[in-house]
Amino acid sequence: MTGGRHERRWASDTVPDNMLSGGSSPAYTDTSSLNPNDEFVEVTLDLQDDDTIILRSVEPATVIHVDNNTDTENIPASTSSSRSSTMRRSSSHRLRQFSQELKAFSMELRRFPWSYGRASSSNAGGLDSALAARAIRRQRAQLDRTRSGAHRALKGLRFISSNKINGVDGWNEVQNNFDKLQKDGYLYRADFAKCIGMVDSKEFALEVYDAISRRRRLKVDKISKDELYAYWTQITDESFDSRLQIFFDMVDKNEDGRITEEEVKEIIMLSASANKLSRLQAQAEEYAALIMEELDPERLGYIELWQLETLLLQKDTYLNYSQALSYTSQALSQNLHGLRNRSPIKRMSSKFIYYLQENWKRLWIISLWILIMTGLFLWKYYQYKQRAAFDVMGYCVLTAKGAAETLKLNMAIILLPVCRNTITWLRSTRLSSFVPFDDNINFHKTIAAAIVIGVILHAGNHLACDFPRLINEDESQYDLDMSKYFGRNKPDYIDLVRGVEGVTGVIMVVCMVIAFTLATRWFRRSLVTLPKPFDRLTGFNAFWYSHHLFVIVYVLLLVHGWFLYFVKKWYKKTTWMYLAFPVLLYAGERTLRFFRSGSYTVRILKVAIYPGKVLTLQMTKPPQFRYKSGQYMFVQCPVVSPFEWHPFSITSAPNDDYLAIHVRELGDWTQELSRVFSEVCEQPVAGKSGLLRADETTKTILPRLLIDGPYGAPAQDYRKYDVLLLVGLGIGATPFISILKDLLNNIVKMEELEFQDSTSGHSRRSDQSSGSADSSSQSKVSPSKKKSLRTTNAYFYWVTREQGSFDWFKGVMNEVAELDQRGVIEMHNYLTSVYEEGDARSALITMVQALNHAKNGVDIVSGTRVRTHFARPNWKKVLSKTCTKHAGARIGVFYCGAPVLAKELSNLCHGFNQKGSTKFEFHKEHF
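(A) Up close: the sheet that holds strand E8 (residues 646–649). The strand order across the open sheet formed by three strands is E8-E7-E11, and the pairing between neighbours is antiparallel. With partners counted over all chains shown, the strands left at the sheet margins are E8 and strand E11 (706–711), one partner each. The average angle at which neighbouring strand axes cross in this sheet is 30°, direction not considered. Summarising the sheet, strand E7 (residues 632–636) and E8 pair through four bridges and their orientation is antiparallel. Bridged to Phe-634 within E8 is Pro-647.

Structural data, given as structure tokens:
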């Protein structure tokens, strides 16, 4: 090229100047390292002063064969042979890369209708303008990257999880894996994923292996330890450019420096497979076209490295919907900064004071209970110490009688926490201010533990101490002290056990052991595996039926408490006095439930079975059934079992004209319920949602349901708080769906009232020009008619493992996103099966997610308008953001899910409450 022409530089200055010639000069190529079957072309371009490019010609290139031996002989003797070899390899590599780029460029030109000899000006102008437009976009992209904000956005794209990249330690682990997997000193390609710790995404790891191999010009099925170290160094390189190049090479399998739509589709399917997103795999072609539409507006049919970088750079701009709480833990650091500088005594005292503030309700109840038990034990202890029985049986009888008195109390009050109707009513009274009704089941379990201790002390002392000492007593001493209680003839051990007191006591102990054992978590949750037929002793059914053995226990307890050895007067036999009120109250509740469930006639309106084995049931709402959001009800299906009742959170809002529940298969009863309803559901029709469905119009006969409730739960008190933080794990989101719908209904009502007030105010101003005083008085009255909502903001975090789970509440999420114009409700979905944001395995999914929502307003993972985040939330950042945004507010943190996360959230609330005006109050429910 001469005059106004300039040589075009290829591959980021990888081609030396002396390798390019002006005009039609032939290409200079080292053919020793090239495939003789390769075709090469000579391209002549004009680069004008206005930075436009004109194509002059594309012709077959003349290949000049160079004798490497001759060149070597001409090198001065002072130059080493190693340097000559290096130069030849470098020149050969650059020539090959340059030729490949020219060949790809020529292939691209063939898509346009011009000849190789002379291009028509109109067609050349179209290509020129497209290339010029892309060049301008590239310049802008390079400028954007220099900005600090953009530079921060480029962080990420990790191939190995951050917790595994730990310098020398990380390599040591890989080295140990190599030693275990190597064969004859080599690691085979099939074991690469396991060696570097990417077992869960083996296909993705193999693509990384192939990309690095292509980059290093290697085509091998095995590598040595030194080569593995080189691979590991590239994978864990902290440079974003290095990571981006690997990712680009994974897509660019033909090494032409360009990515086509088909290659994008392949990497999308690979990423979807690594993240267990089956739906995304089916739509890979659609999303590949979306990426090409965004990155290739010139429609050249390919994208380059800088365009992929641009998409990563602009990802956060696209993801401006339902942003994650990305505030740092600055608020927590500020709150805890003062504590770090305090002395150990002050820190301990501060923690103790906070503990009292958080648990004072539980503490005073437990303390009162322990004091009453201690008083009863000591009362009987000293009472029997004054009797003749002490002279014969000693301290054993004192301990047995003291324990018996505590057993009477505990067998009575253990019924109170399970009187659910009474507890629900008491929640609405002032007693809820100083009695922790949310802990009723925990208190029930605590009392059960005290009963176990009492039984051991009472029965153990009688059987192992009192009875042996009695039968071994001298005849004279027995006649003097014990004959009036046990008869003139001294009884044998068998006589004592066969008596009414002994038989009833032994049977009660056996029933309690069965019921207590099957009520433990291991048996109730089927965590214990037993051989058949003993496997029936695990599961909820075994827990449910064994608990009804306590009917027998209470009958025997009354008999046992009446036939006493040392008490003969009826008014001193106090067992029935302890039990009378609690037993009658509990029996009354069960009777009420029986008759009320019969009066609550419901009809199934809709049935759907969602992915993740979740059954949703919509039914008619009885006129007298009134409930609050967050409450639950009991459900019975006579077809499954005529006796079992199971609790489920109500997912419909109080203002809805129907009742709805979501049931996940977690036990034998729920599995059978799902099976029964799936049999009456219609199979999915092609082109529809793929769900099993049934309703009144499709089925005339649906299984019958009985309901009972509603019953109180911690979440029903959400209206007491300024801000809500709702956290649900999997099916644990159910109690909060009703709250979100209720909040949304209140928001819509408030907007309607405000609109009515504004229109009525306008009419008053127009019609009553002289009535300013009346108008002002009316305007003061109208706001009082509105029932203001104390809750100003609600943050909902839903964490689930399966993509199909989002179908459960898709309608609710879309409704909230559409109608909540004020932004009162903020929803965040988290999918833990996808690798965290910043991981290369989810990078392309994040790009597609951002683009699709920017274009269509729909999240590709959940299918809703709510953004889905990947991996687990950083709960410290979540609470930090909430604390910073709502300083001085009273924030209610409601959690429903597995107990694992409950402790972490409780500790974080404790940490933030240590200092600062914002107060977090934590409530939990387990399923």
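Read on for the rest.
(B) View of the environment of Phe-192. Within the secondary structure, Phe-192 is located in helix H6 (residues 192–196). Judged by its relative accessible area of 0%, Phe-192 falls in the buried class. In sequence terms Phe-192 and Asn-177 are 15 residues apart; their C-alpha atoms lie 9.7 Å from each other. Residues contacting Phe-192, with those up to four places away along its chain left out, are Leu-187, Ala-205, Tyr-209, Leu-228, Tyr-231 and Ile-235.

(C) Quick look at helix H20 (residues 440–471). Compared with the 46 Å implied by 1.5 Å per residue over 32 residues, the 45 Å span of H20 between its first and last C-alpha is a close match. Of all the bends in H20, the greatest, near 40°, is centred on His-462.

(D) Region of interest: the state of the cysteines. In total, this model carries one disulfide according to the counting rule given. With its sulfur 1.7 Å from that of its partner, Cys-396 forms a disulfide with Cys-465. Here the S-S torsion is close to 70°, and the disulfide linking Cys-396 with Cys-465 is therefore right-handed. Here Cys-396, found in helix H18 (residues 395–413), pairs with Cys-465, found in helix H20; they are 69 residues apart in sequence, far enough to count as distant.

(E) Spotlight on the packing of helix H7 (residues 202–215) against helix H8 (residues 225–235). Relative orientation of the contacting elements H7 and H8 amounts to 105°, with a least axis distance of 11 Å. Relative to H8, the element H7 lies roughly perpendicular. Each of Val-208, Tyr-209, Ile-212 and Ser-213 in H7 lies in contact with H8, whose residues at this interface are Tyr-231, Gln-234 and Ile-235. Per-class residue counts for the contact of H7 with H8 are five nonpolar, two polar and no charged.

(F) Summary view of the sheet that holds strand E17 (residues 919–925). Here six strands make up an open sheet; going across it, the order is E15-E14-E13-E12-E16-E17 and the pairing parallel. Unpaired on one side and paired on the other, strand E15 (868–870) and E17 mark the two borders of the sheet. The sheet shows a mean angle of 20° between the axes of neighbouring strands, taken without regard to direction. Where strand E14 (residues 825–831) lies against E15, three bridges are found, and the strand directions are parallel. Following the sheet pairing, Leu-831 is matched in E15 by Phe-870. Packed onto the sheet, helix H32 (residues 810–819) meets strand E13 (793–800) and E14 and runs at close to 140° relative to E14. Packed onto the sheet, helix H34 (residues 875–885) meets strand E12 (723–729), E13, E14, strand E16 (890–896) and E17 and runs at close to 175° relative to E13.

(G) Examining the pairing of strand E9 (residues 658–664) more closely. The buried fraction of E9 is high, at seven of seven residues. Neither face of E9 is left uncovered, since the one carrying Tyr-658, Ala-660, His-662 and Arg-664 and the one carrying Leu-659, Ile-661 and Val-663 both have all their residues buried. Sheet topology note: the strand E6 (residues 614–620)/E9 ladder contains seven bridges and is antiparallel. Looking at E9, one finds that Val-614 is bridged to Arg-664.

(H) Here's a closer look at the nonpolar core. With 94 residues, the main nonpolar core has Phe-159, Phe-204, Leu-228, Ile-268, Leu-724 and Phe-796 as its most contacted residues. One finds Phe-625, Cys-637, Val-640 and Ile-661 within the second-largest nonpolar core, a separate group that totals 28 residues.

(I) Representation of the packing of aromatic side chains. Evaluation of the coordinates by the stated rule reveals 26 aromatic pairs. On the basis of an interplanar angle of 85° and a centroid distance of 5.4 Å, the ring pair of Phe-634 and Tyr-711 is categorised as edge-to-face. Here Tyr-711 lies in strand E11 and Phe-634 lies in strand E7, a separation of 77 residues in the sequence. Judged on exposure class, the residue Phe-634 and its partner Tyr-711 are both buried. Centroid distance Tyr-797 to Trp-875: 5.8 Å. Interplanar angle 65°. Geometry classified as edge-to-face. Here Tyr-797 is found in strand E13, whereas its partner Trp-875 is found in helix H34, with 78 residues between them in sequence. The pair formed by Tyr-797 and Trp-875 is uniform in burial state, with each residue classed as buried. Ring pairing ties together the aromatic residues Phe-377, Tyr-381, Tyr-382, Phe-390 and Tyr-395, which thus form one cluster. The aromatic ring of Tyr-186 is capped on one face by Lys-222, whose charged end is 4.8 Å from the ring centroid. Across from the ring centre of Phe-634, 4.6 Å away, lies the NZ or CZ of Arg-593, which sits over that ring.

(J) A look at unusual backbone geometry. Across the junction of Lys-532 and Pro-533, the peptide omega takes the value 5°, indicating a cis bond. Relative to the assigned elements, Pro-533 resides in the loop between helix H25 (521–524) and helix H26 (540–547). Here the bond from Gly-709 into Pro-710 is cis, since omega is 0°, no more than 30 degrees from zero. The residue Pro-710 is located in strand E11 in this model. Its identity is not glycine, yet Asp-184 carries a phi of approximately 60°, on the positive side.

What counts as what
- Residue positions are counted from 1 within each chain, in the order its sequence is given.
- Since the coordinates come from a predicted model, pLDDT governs what is reported: local features require at least 70, and pairs of side-chain atoms require 80 or more to be given and counted, while whole-chain, interface and lining totals use all residues.
- By convention in this description, side-chain values take in all heavy atoms of the structure and omit both hydrogens and water.
- Should DSSP find at least two bridges between two strands, the strands are regarded as paired.
- Put simply, DSSP H or I for four residues or longer makes a helix, DSSP E for two residues or longer makes a strand, and each gets a number counted from the N terminus.
- For every element, the axis is a line fit to its C-alpha atoms; helices are fit only across the contacting stretch, and the angle between N-to-C directions ranges from 0 to 180 degrees.
- Three labels apply to residues, based on accessible area from a 1.4 Å probe with only protein chains included: buried if under 20% of the type maximum, exposed if over 50%, partly exposed otherwise in between.
- Note on contacts: a residue pair is in contact if any heavy atoms of the two residues lie within 4.5 Å.
- For a helix, the expected span equals 1.5 Å multiplied by the residue count minus one.
- The angle between axes fitted to the seven-residue stretch ending at a residue and the seven-residue stretch beginning at it gives the bend at that residue.
- To count as a disulfide, a pair of cysteine sulfur atoms needs to be within 2.5 Å.
- Angular relationships are summarised with four words: roughly parallel below 35 degrees, roughly antiparallel beyond 145, roughly perpendicular across 65 to 115, and oblique for the angles in between.
- Polar here means any residue outside two lists: the nonpolar Ala, Val, Leu, Ile, Met, Phe, Trp, Tyr, Cys and Pro, and the charged Asp, Glu, Lys and Arg; Gly therefore counts as polar.
- Throughout this description, the term nonpolar core refers to a set of buried Ala, Val, Leu, Ile, Met, Phe, Trp, Tyr and Cys residues connected via side-chain atoms within 4.5 Å.
- Aromatic pairs are defined between Phe, Tyr and Trp rings, using the six-membered ring for Trp, whenever the two ring centres lie within 6.5 Å; interplanar angles under 30 degrees are classed as stacked, those over 60 as edge-to-face, and all others as tilted.
- A ring is scored as having a charge over it whenever the NZ atom of a lysine or the CZ atom of an arginine sits within 6 Å of its centre and within 35 degrees of its normal.

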